[in-house]
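# A closer look at the structure
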Amino acid sequence: MAAVARPPLLLDLQGDRAARGRKSGARHGITVRAAVASTDVAVIRIGTRGSPLALAQAYQTRDLLKGAHPELAEDGALEIVIIKTTGDKILNQPLADIGGKGLFTKEIDDALLDNRIDIAVHSMKDVPTYLPQGTILPCNLRREDARDAFISLKAKSLAELPPGSVVGTASLRRKSQILKRYPHLQVDTNFRGNVQTRLKKLQEGIVTATLLALAGLKRLNMTEHVTGVLPMDEMLPAIAQGAIGIACRQGDEKMERYLASLNHEETRLAVSCERAFLEMLDGSCRTPIAGYAHRDKLTDECKFRGLVASPDGTQVLETTRSGQYNLDEMVAMGKDAAKELLSKSGPSLLNWS
């Protein structure tokens, strides 16, 4: 596995981790210090979670900013600020049981509003459909492959797993789609932790197989672990899977200009379509919802497919849309697709448990 590049300066907002950080940071050539001890003023402070994948996404953002703006290539112009979120702190419960929205974003949003960071880098699939007042999300980086990867030491695909095999995942979306096709399998939805932790659990035999976002494995240079890639018609991805979003404070024109230079408009529009679908459904962590929008290479149109299911996979509703690749029409497509599924399902759609 290729090593992920580390930033020249890493700030950790969690004071109780500072001492541990100095020890581990020394081994990687990283200077770790509490934010209050800093006397240098960075041009841009980049807020992120502390997982290897979140850091890889922050480093990607940092490097793109350096490449687009020579003044940001100067030493000390960019800082990575680690912020621990609720979702990072509670690892012994399924995400659906923790409840609430913004499990992986709220503390980062708070830091942005408190002026402790200047921009916030998020996995878009973690971002609620609403944004905290005072923040905007004007930038999406170019989307990575949105499909899910199948990983197992004992089978080449879900279809080859013997009855009773346990598939580990924290996602009810994955659980419902697995059980729809393979009801003879078992799904452990308390399979939590970062990519490295999940792969270790797999190697220890805690589960027979797992599914992970292919985008994350690519960003971590860990695709050697992939057994196979699931096609979209077998496993529809999470809303905005594979997309990175970057937020800033509303009215911060300097940051808006920087982020505008990184925005990939095709990705932003696709994500807007998918999030309009999710917003209209008003789904919770207990509702398996999936959706994917993309530009068709032959027609240049937007193609959208959406899905809502019961967690046990016995009820699955799907729909598709196509239309012009522009913001207004794509948002309307996402909303219309959600309305169709709501009308087909009745009030019970979002109340499955």
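In what follows, the structure referred to is the one given above.
Right, let's walk through the structure included here. (Residues numbered from 1 in each chain as written. Predicted model: local features only at pLDDT ≥ 70, side-chain atom pairs only at ≥ 80, totals over all residues. Heavy atoms only, no water.)

### Structural notes on the overall build of the chain
Within the chain, the secondary structure is distributed over eleven helices and 15 strands. Among the 353 residues that make up the chain, the fraction classed as buried is 52%. If you take every contact in the chain between residues at least 6 apart in sequence, the share linking residues at least 24 apart comes to 68%. Approximately 15900 Å² of the chain is accessible, and the part contributed by carbon and sulfur atoms is 49%. (Helix = DSSP H or I, 4+ residues; strand = E, 2+ residues; numbered from the N terminus. Buried < 20%, exposed > 50% of the residue type's maximum accessible area, 1.4 Å probe, protein only. Contact = heavy atoms within 4.5 Å. Areas by Shrake-Rupley, 256 points an atom, 1.4 Å probe, with all protein chains shown as cover.)

### Quick look at helix 11 (residues 327-345)
For helix 11, built from 19 residues, the straight-helix expectation of 27 Å at 1.5 Å per residue is met to within 8% by its first-to-last C-alpha distance of 27 Å. Buried within helix 11 we find M330, M333, G334, A337, A338, L341 and S345. In a view along the axis of helix 11, the buried residues occupy a sector of 125°, so they form one face of it. Pointing more than 90 degrees away from the buried face of helix 11 are the exposed residues D328 and S343. Residues of helix 11 that are buried make contact with helix 10 (265-281), strand 14 (302-309) and strand 15 (316-323). (Expected span 1.5 Å × (residues − 1). Arc of directions from axis to C-beta.)

### Here we look at the packing of helix 10 against helix 11
A packed helix pair is summarised by two numbers, namely the angle formed by the two axes and the spacing between the axes. At a minimum axis separation of 7 Å, helix 10 and helix 11 run at an interaxial angle of 30°. When the axis of helix 10 is compared with that of helix 11, the two are roughly parallel. The chirality of how helix 10 crosses helix 11 is right-handed. The segment helix 10 lies against helix 11, with R268, L269, A270, S272, C273, A276, F277, M280 and L281 engaging L327, M330, V331, G334, K335, A337, A338, K339, L341 and L342. (Axes fitted to C-alpha atoms, helices over the stretch in contact; angles between N-to-C directions. Parallel < 35°, antiparallel > 145°, perpendicular 65-115°, else oblique. Left-handed = near helix turned anticlockwise from the far one by under 90°.)

### Considerations on empty space enclosed by the protein
In this structure the tally under the stated criterion is two cavities of 30 Å³ or more. By volume, the largest cavity amounts to about 50 Å³. Around the largest cavity, the lining residues are Q177, K180, R181, D233, E234, R305, L307 and E318. Residue assignment for the lining of the largest cavity shows that the elements contributing at least two residues are helix 6 (172-181) and strand 14. The biggest single contributor to the lining of the largest cavity is helix 6, with three residues. (1 Å grid on protein atoms, 1.4 Å probe; cavity = no way out; pocket = protein on both sides within 12 Å on 5 of 7 lines; lining within 4 Å. Points joined across faces, edges and corners; volume = space filled by probe spheres on them.)

### Things to note about the sheet that holds strand 15
A sheet is described by the order of its strands in space; here three strands give the open sequence 13-14-15, paired in antiparallel fashion. Each of the sheet's edge strands pairs with one partner strand only, and the pair in question is strand 13 (289-295) and strand 15. Shown here is a sheet whose adjacent strand axes are inclined to one another by a mean of 10°, direction ignored. By the bridge criterion, seven bridges tie strand 13 to strand 14 in an arrangement that is antiparallel. Paired with I289 across the two strands is V308, which belongs to strand 14. Strands in contact with helix 10 are strand 13 and strand 14; relative to strand 13, the strand with the most contacts, it is inclined by about 150°. Strands in contact with helix 11 are strand 14 and strand 15; relative to strand 15, the strand with the most contacts, it is inclined by about 155°. (Pairing = 2+ DSSP bridges.)

### Here's the deal with the sheet that holds strand 10 (residues 209-213)
On the basis of which strands lie adjacent, the open sheet formed by five strands has the order 9-8-10-7-11 and mixed pairing. Taken across any chain shown, the strands that pair with only one partner, and hence form the sheet edges, are strand 9 (186-188) and strand 11 (228-229). The pairing of strand 7 (residues 148-152) with strand 11 spans two bridges and is classified as antiparallel. Bridged to A149 within strand 11 is V229. Relative to the sheet, helix 6 contacts strand 7, strand 8 (166-168), strand 9 and strand 10, its axis offset from that of strand 10 by approximately 130°. Strands in contact with helix 7 (residues 195-203) are strand 7 and strand 10; relative to strand 10, the strand with the most contacts, it is inclined by about 165°.

### Some points on the pattern of salt bridges
Scanning the entire structure with this criterion turns up 22 salt bridges. In this structure, D145 and R147 form a salt bridge, with 2.8 Å as the shortest nitrogen-oxygen distance. Judged by relative accessible area, which is 30%, R147 ranks as partly exposed. Among the salt bridges present, the one from R305 reaches E318, with a minimum N-O distance of 2.6 Å. (Salt bridge = Lys/Arg side-chain N within 4 Å of Asp/Glu carboxyl O.)

### Brief notes about helix 7
Among the residues of helix 7, V195, R198, L199 and L202 are the ones counted as buried. An end-on view of helix 7 places all buried positions within 100° of arc, on one side of the element. Residues of helix 7 that are buried sit in contact with strand 7, strand 10 and helix 8 (214-219). Two or three places before Q196, at the start of helix 7, stands the capping residue N194, its side-chain oxygen 3.1 Å from that residue's backbone nitrogen. (Polar contact = N/O pair within 3.5 Å; in protein donor to acceptor, adjacent residues only side chain to side chain.)

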